[in-house]
Amino acid sequence: MVRHYSDQPLAPEVIDRVLSNALRAPSAGFSQGWAFLALTEPEDRARFWPYVPTRVEQTPTMQDAPLVVVPLAHKQTYLERYAEPDKGWEDRAESRWPAPYWHIDTGMAALLMLLTAVDEGLGACFFGIMPENLDPVRTEFGIPAEYHPIGAITVGYRAADLPDQPARIAERRRGAGEVIHRGQWGKH
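This structure is a prediction, so every number in the text was calculated from the model and none was measured.

### Overview of the packing of aromatic side chains
- A full pass over the atoms with the stated rule returns nine aromatic pairs.
- A centroid spacing of 6.0 Å and a plane angle of 15 degrees characterise the contact between Trp49 and Phe127, whose relative ring orientation is stacked. Pair noted here: Trp49 is in the loop between helix H2 (42–48) and helix H3 (53–58) and Phe127 is in strand E3 (residues 123–127), with a separation of 78 residues, a long-range link.
- The class for Trp49 is buried, based on a relative accessible area of 5%.
- Since its relative accessible area comes to 5%, Phe127 is described here as buried.
- Ring plane angle 50 degrees and centroid distance 5.9 Å describe the contact between Trp97 and Tyr101, whose orientation is recorded as tilted.
- Three or more aromatic residues joined by ring pairs form one cluster here, namely Tyr78, Tyr82, Trp97, Tyr101 and Trp102.

What counts and how
- Residue numbers restart at each chain and count upward from 1, following the sequence in its written direction.
- In keeping with the predicted nature of the model, local features appear solely for residues at pLDDT of at least 70, side-chain atom pairs appear and are counted solely at 80 or more, and the whole-chain, interface and lining totals rest on all residues.
- Calculation of side-chain values draws on the structure's entire complement of heavy atoms; hydrogens and water are dropped beforehand.
- Each aromatic pair joins two rings of Phe, Tyr and Trp (for Trp, the six-membered one) with centres within 6.5 Å, and gets the label stacked for planes under 30 degrees apart, edge-to-face for over 60, and tilted for any other angle.
- A run of H or I in DSSP becomes a helix once it reaches four residues, and a run of E becomes a strand once it reaches two; helices and strands are each numbered from the N terminus.
- Each residue is assigned to one of three classes by its accessible area relative to the maximum for its type, calculated with a 1.4 Å probe on protein chains only: buried under 20%, partly exposed between the two thresholds, exposed over 50%.

Now the structure itself:
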């Protein structure tokens, strides 16, 4: 995750690739219950940053990223899709879902944007929007209430003078032996 950007603009075709590759993400039942708010104009990005004050305070050069994307999950799309005849859940009950795939699938679409940024030689960062700022973000940008922002992504050229990664990050990175269990929990 890159948190320090130069103010070098992105070519429109690069922005289009980052955004359109998100559409290749898997989705349960091919529901595609997502939308993406793309902020490319400086004045639109400036309207966004007050809603993530901690991020701005800790890493002010994130504001230099020429692209901010807010991935939005739409639960109703999934509930309706799985009530169709080929799925057979006529009651649209959220309780049938073992996990909120509307969030998971939107997260996968966000990951494809991050990977596309890397493929383009760019930096990118996924970060959260605090719960108390979700409704204000919806209001500011006219996002319908049924769409849930799962976070935001910055994309741009890395700043030339990136600070070193704090040692605590490397210390906290969990190794494969801690998280991969082969055939049985506890077997590494």
